[in-house]
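Structural features, examined
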Amino acid sequence: HKEHKEHGHREHKEQVVHEETVEKVVYPYVAYVSFKESKKVYSFGCFENDYKTGELVVVETVRGLELGRIVKDSEAFIPNGMEMKPVIRKATEEDLAQVKENEAKSRKAMMICEECIRNLNLDMHLIEAEYTLDGSKVIFVYVADERVDFRELLKDLASIFKCRIELRQIGPRNKAKIIGGLGMCGRETCCSRFLNDFDVVSINMEKNQLL
């Protein structure tokens, strides 16, 4: 018991020391990136100040490696405690070819996942499938009225694709943002045209818009 206690104390001490020695990476410059057709701008750290508006870059995100576009010239960054993911590199011909290949794989993955959903008789509507740039993960986006038990679906997909699987549920406004549509005004929906974030919609607002 004494040895076990001492061993646990050493492990705790080593963990504390390890956490203290891990330092945040401080980037001297910041790059501004958007993804796909989204207008939302994200900040990424970089060590070189040579990223120009319109250039395609590979960045690290919480989802994995993704291809984005520079929307504003990079500039010097004054450290303010904010953690940033890094720009990995400027996009190469190989990266662009990989994106094309991933688009084809995503369309096939969409059909396979829809078939699995039908076989399991799950009450969920698949919106899109997307591979990360390096192909290490495929993300399936869906909408559902109720909570869905997708454990069996996850097993089936993992056995087919042999890579990491992410199932992400979204709401109706996020669905409209992805697939687009027309509002009651007759114009393209605001959420797919320019809105980046959604504020709370009150019951009065819904009534005023006859929703």
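In what follows, the accompanying structure is described. This structure is a prediction, so every number in the text was calculated from the model and none was measured.

Rules used throughout
Residues numbered from 1 in each chain as written. Predicted model: local features only at pLDDT ≥ 70, side-chain atom pairs only at ≥ 80, totals over all residues. Heavy atoms only, no water. Pairing = 2+ DSSP bridges. Helix = DSSP H or I, 4+ residues; strand = E, 2+ residues; numbered from the N terminus. Right-handed = clockwise from strand over helix to strand, strands pointing away. Axes fitted to C-alpha atoms, helices over the stretch in contact; angles between N-to-C directions. Contact = heavy atoms within 4.5 Å. Salt bridge = Lys/Arg side-chain N within 4 Å of Asp/Glu carboxyl O. Buried < 20%, exposed > 50% of the residue type's maximum accessible area, 1.4 Å probe, protein only. Phe/Tyr/Trp six-rings, centres within 6.5 Å; stacked < 30°, edge-to-face > 60°. Lys NZ or Arg CZ within 6 Å of the ring centre and 35° of its normal.

**A word on the pairing of strand β8 (residues 164-169)**
Here strand β7 (residues 137-143) pairs with β8 via six bridges, running parallel. By the bridge assignment, tyrosine 142 is partnered in β8 with glutamine 169. In terms of handedness, the path from β7 via helix α3 (residues 151-161) over to β8 forms a crossover that is right-handed.

**A few points about the sheet that holds β8**
Pairing in this open sheet of three strands is mixed, and the strands run β6-β7-β8 from one edge to the other. On the outer flanks of this sheet lie β6 (125-131) and β8, each paired with one strand and no other. The average undirected angle you get between the axes of adjacent strands in this sheet is 20°. Each of β6 and β7 touches helix α2 (residues 93-120); the most contacted strand, β6, lies at about 145° to it. Contacts between helix α4 (residues 172-179) and the sheet are confined to β6 and β7, with β6 contributing the most and set at about 55° to the helix.

**Thoughts on the pattern of salt bridges**
A side chain with one charge may pair with a side chain of the opposite charge, provided their charged atoms come close. Within the structure shown, the criterion is met by 11 salt bridges. Here lysine 137 and glutamate 166 are joined by a salt bridge, their closest N and O atoms 3.1 Å apart. Of the two residues, lysine 137 is situated in strand β7 and glutamate 166 in strand β8; the sequence distance between them amounts to 29 residues. For lysine 137, a relative accessible area of 6% translates into the label buried. A single salt-bridge network, built from bridges that share partners, covers Lys36, Arg63, Glu66 and Glu130.

**Remarks on the packing of aromatic side chains**
Taken as a whole and assessed by the stated rule, the structure comprises five aromatic pairs. When the ring of phenylalanine 140 is compared with that of phenylalanine 161, the centres are 5.8 Å apart and the planes differ by 50°; the resulting orientation is tilted. In this pair, phenylalanine 140 sits in strand β7 while phenylalanine 161 sits in helix α3, placing the two residues 21 residues apart along the sequence. Side by side, phenylalanine 140 and phenylalanine 161 carry an identical accessibility label, which is buried. A connected cluster of aromatic rings, assembled from ring pairs, spans Phe35, Tyr42 and Phe44. Between the NZ or CZ atom of lysine 72 and the centre of the ring of tyrosine 32, over which it lies, the distance is 4.8 Å.

**Observations concerning unusual backbone geometry**
The backbone phi angle of asparagine 121 is positive, close to 55°, even though this residue is not glycine. Position of asparagine 121 relative to the elements: it lies in the loop between α2 and β6. Of note in this structure, lysine 162 is not a glycine but carries a positive phi near 55°. For lysine 162, the location among the structural elements is in the loop between α3 and β8.

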